[in-house]
Amino acid sequence: DQKRVYNFAAGPSTLPLEVLKTAQEQMLNYKGSGMSVMEMSHRSSTYQEIFDETKATLKRLLKIPDNYKILLLHGGATQQFSAIALNLMQTGKADYIVTGSFSGKAAKEAAKFGDVHIAYDGKANNYTHIPTQDELDIREGVDYVHLCENNTIYGTEWNYVPDTKGAPLVADMSSDILSRPIDVSQYGVIYAGAQKNMGIAGLGVVIIREDLIKPHKANIPVLAEYDTMAAKDSMYNTPPAYAIYMAGLVAKWVEDQGGLEEMARRNEKKAKLLQDYLDQSDFYNYPTEVGSRSRMNVAFTTPSKELDAKFVKESIAAGMTNLKGHRLVGGIRASIYNAMTYEGVEYLVNFMKKFEEENK
Ligand code: PMP
């Protein structure tokens with residue numbers, strides 16, 4: 001049996017070992033049902049329990065108020081880029097805050113369906129900065145304002161909830177959901193792909209305030225109709241059944257560990273270890289602005305492209321993987337979501353120290 005590696009992938013990402021072991025134990029015969037969850041009818045009472053428990057655990061963890069619906073949908077986060085515009089653009093106007101690649105993609109997708117105004121674009125500072133309230137150019141009377149809470153590629157994260165002049169705030173939380181407590185009531189819609197902090201690919205979670213679920217427009221795809229999906233409790237068609245089961249196991253794990261307060265405490269401790277080391281080093285360059293830094297994705301470089309490549313190569317030999325930066329930014333990126341242990345980050349930092357000494 002081979003040793004598991006320290007996997008710093010941005011998504012799909014490392015999962016808690018306990019979750020994988022539970023899935024393994026339950027694989028062939030889920031709680032005496034005589035079959036795996038993958039083989040179950042999504043209409044069976046056994047599956048319905050799994051589905052209801054996943055939603056209930058997410059609701060407890062995130063303290064989701066009763067006037068919000070949880071939709072468990074196909075298509076990851078990207079599917080919601082269009083679904084949000086198709087459902088929420090009632091007058092046809094929305095403002096987008098672009099702080100990285102995915103918020104840019106979300107804005108581009110929405111612009112197919114209405115009047116999209118870019119309220120801020122971080123391109124000029126290479127997306128190393130989260131805008132202050134003063135830097136946001138938000139219009140009056142838009143249907144919603146969209147932002148991306150954590151920018152997976154550039155490694156920045158919001159640490160406040162902006163004022164949207166009364167418009168509902170829509171947030172892509174794909175890469176930091178369940179990493180800290182949030183006040184759901186400050187958002188109109190929260191959505192996320194599950195494959196980073198919530199489980200495996202194939203599932204998009206949408207948490208939406210009920211009054212924003214309006215009768216759908218006549219010409220939109222049925223699977224994008226939030227009213228239909230809410231009325232059918234996300235089972236208009238076969239849902240991504242196994243991904244929902246895995247999200248339930250991950251949510252339960254988070255709860256058993258002490259919930260979102262405990263996740264926040266651990267994540268801050270892990271990020272601090274890595275970021276403090278980067279800041280005192282005159283070898284590594286960590287350009288992300290203080291105050292805009294992500295606790296989930298830390299993107300940095302060595303003094304040269306050649307050394308970046310050497311770092312990645314040697315990190316693999318040392319038992320780590322997926323430390324290569326995204327092709328848009330190059331360099332190194334360590335994704336340290338909930339399931340990455342403190343020991344894993346410590347192991348990385350010790351490797352970085354050694355690499356620095358050997359290559360200075
Ligand atoms: N938003 C963010 C912040 C992401 O990190 C990603 C995936 N890396 C996406 C959206 C796209 O998600 P999906 O692949 O689930 O469509």
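Here is what the cut-offs are and how they apply
Residues numbered from 1 in each chain as written. Predicted model: local features only at pLDDT ≥ 70, side-chain atom pairs only at ≥ 80, totals over all residues. UniProt positions renumbered as here; feature names shortened; annotations may be inferred. Axes fitted to C-alpha atoms, helices over the stretch in contact; angles between N-to-C directions. Helix = DSSP H or I, 4+ residues; strand = E, 2+ residues; numbered from the N terminus. Parallel < 35°, antiparallel > 145°, perpendicular 65-115°, else oblique. Left-handed = near helix turned anticlockwise from the far one by under 90°. Contact = placed C-beta atoms within 7 Å. Nonpolar A, V, L, I, M, F, W, Y, C, P; charged D, E, K, R; others polar. Core = buried A, V, L, I, M, F, W, Y, C linked by C-beta atoms within 7 Å. Buried ≥ 20, exposed ≤ 12 C-beta atoms within 10 Å, placed from the backbone. Domains from an automatic or database assignment. Near = placed C-beta within 6 Å. Pairing = 2+ DSSP bridges. pLDDT = per-residue confidence, 0-100. Right-handed = clockwise from strand over helix to strand, strands pointing away.

Taking an unreviewed UniProt entry as the reference, the protein chain is identified by name as Phosphoserine aminotransferase belonging to Sharpea porci. Per its UniProt entry, the protein chain bears the Function (unreviewed entry) comment "Catalyzes the reversible conversion of 3-phosphohydroxypyruvate to phosphoserine and of 3-hydroxy-2-oxo-4-phosphonooxybutanoate to phosphohydroxythreonine."

A. Representation of the packing of helix α1 (residues 17-26) against helix α6 (residues 241-257) within the structure. Between α1 and α6, the least distance of the axes is 9 Å, while the angle of their chain directions is 135 degrees. Comparing the axis directions of α1 and α6 gives the class oblique. In the packing of α1 onto α6, the handedness of the crossing is right-handed. Contacts between α1 and α6 involve E18, V19, T22 and A23 on the former and, on the latter, M246, L249, V250 and W253.

B. Structural context of the packing of helix α7 (residues 259-280) against helix α9 (residues 342-359). Following both chains from N to C, one finds α7 and α9 inclined at 0 degrees, their axes separated by 10 Å at the closest point. Taken together, the axes of α7 and α9 are roughly parallel relative to one another. Mapping the contact onto sequence places R266, K269, K270, L273, L274 and Y277 in α7 and Y342, V345, E346, L348, V349 and M352 in α9. Grouping the amino acids of the contact of α7 with α9 by side-chain chemistry returns eight nonpolar, no polar and four charged.

C. Quick peek at the nonpolar core. Counting residues in hydrophobic clusters, the biggest one holds 98 residues, and the most contacted among them are Y96, A110, V189, V205, A247, V250 and I336. Of the domains in this structure, domain 1 (18-256) and domain 2 (259-359) are the two that each give at least three residues to this core. The residues touching A110, leaving out its near neighbours within four places in the chain, are F81, I84, A85, A94, Y96 and V116.

D. Focus on the domain arrangement of the protein chain. By the assigned domains, the protein chain splits into domain 1 (18-256) and domain 2 (259-359). Relative to domain 2, the C-alpha centre of domain 1 lies at a distance of 27 Å. Elements that contribute at least two residues to the side of domain 1 that touches domain 2 include exactly β6 (150-151), β7 (156-157) and α6. Taken together, the residues of the side of domain 1 that touches domain 2 break down into seven nonpolar, 11 polar and five charged.

E. Inspection of the UniProt feature "modified residue: N6-(pyridoxal phosphate)lysine" (unreviewed entry) in the protein chain at higher detail. The sites that carry the UniProt feature "modified residue: N6-(pyridoxal phosphate)lysine" (unreviewed entry) are, in the present numbering, K196. If you trace the backbone, K196 turns up in the loop between β9 (189-193) and β10 (204-209). Discounting chain neighbours no more than four positions away, the residues touching K196 are G11, S13, S174, S175 and Y337.

F. Here's a closer look at the site of the ligand. Neighbouring the ligand are G11, G76, A77, T78, F102, C148, T152, D172, S174, S175 and G193. A per-class count over the shell around the ligand returns three nonpolar, seven polar and one charged.

G. How the structure looks around the UniProt feature "domain: Aminotransferase class V" (unreviewed entry) in the protein chain. When the UniProt feature table is mapped onto this chain, "domain: Aminotransferase class V" (unreviewed entry) is found at residues 5-348. As annotated, residues 5-348 comprises 33% helix and 16% strand, and the C-alpha atoms at either end are separated by 12 Å.

H. Up close: the pairing of strand β13 (residues 332-335). Residues I332 and A334 point to one face of β13 and R333 and S335 to the other, with burial holding for every one of them. Bridge count for strand β11 (residues 297-300) against β13 is four bridges, and the pairing is antiparallel. Its bridge partner lying in β13, V298 is registered against A334.

I. Focus on the confidence of the model for the protein chain. For the protein chain, mean pLDDT is 97; residues scoring 70 or higher make up 99% of the total. In the predicted assembly, ipTM is 0.99 and pTM is 0.98.

J. Molecular detail of the sheet that holds strand β3 (residues 93-98). Across the sheet, seven strands lie side by side as β2-β10-β9-β8-β5-β3-β4; this open sheet has mixed pairing. Here the strands that pair on one side only, and so sit at the sheet edges, are β2 (68-73) and β4 (115-121). Ignoring strand direction, the axes of neighbouring strands in this sheet form an average angle of 15 degrees. Sheet analysis places strand β8 (residues 169-172) next to β9, joined by three bridges and oriented parallel. Directly across from A171, in β9, lies its bridge partner I190. The sheet strands contacting helix α3 (residues 78-88) are β2, β3, β5 (144-148), β8, β9 and β10, and the helix crosses β10 at an angle near 25 degrees.

K. Molecular detail of the environment of G204. By secondary structure assignment, the location of G204 is in strand β10. Of the residues examined, G204 has 24 C-beta atoms within 10 Å and is grouped as buried. Sequence separation between G204 and A192 is 12 residues; the distance between their C-alpha atoms is 5.6 Å. Ignoring anything within four residues of it in the chain, the contact list for G204 reads L73, H74, G75, G76, A77, Q79, Q80, Y191 and G193.

L. Molecular detail of the environment of K112. With respect to the helices and strands, K112 occurs in the loop between α4 (101-110) and β4. Owing to 11 C-beta atoms within 10 Å, K112 belongs among the exposed residues under this scheme. In this structure the C-alpha to C-alpha distance between K112 and Q275, which are 163 residues apart in sequence, comes to 39 Å.

M. Local environment of the pairing of β3. Along β3, five of the six residues are buried, which leaves the element largely enclosed by surrounding structure. In this structure, β3 lies alongside β4, joined through six bridges in parallel fashion. Of the residues in β4, the one forming a bridge with Y96 is I118. Between the parallel elements β3 and β4, the chain passes through α4 in a crossover that is right-handed. Examined bridge by bridge, β3 and β5 share three bridges and lie parallel to one another. When the sheet's bridge partners are listed, A94 is paired in β5 with Y144.

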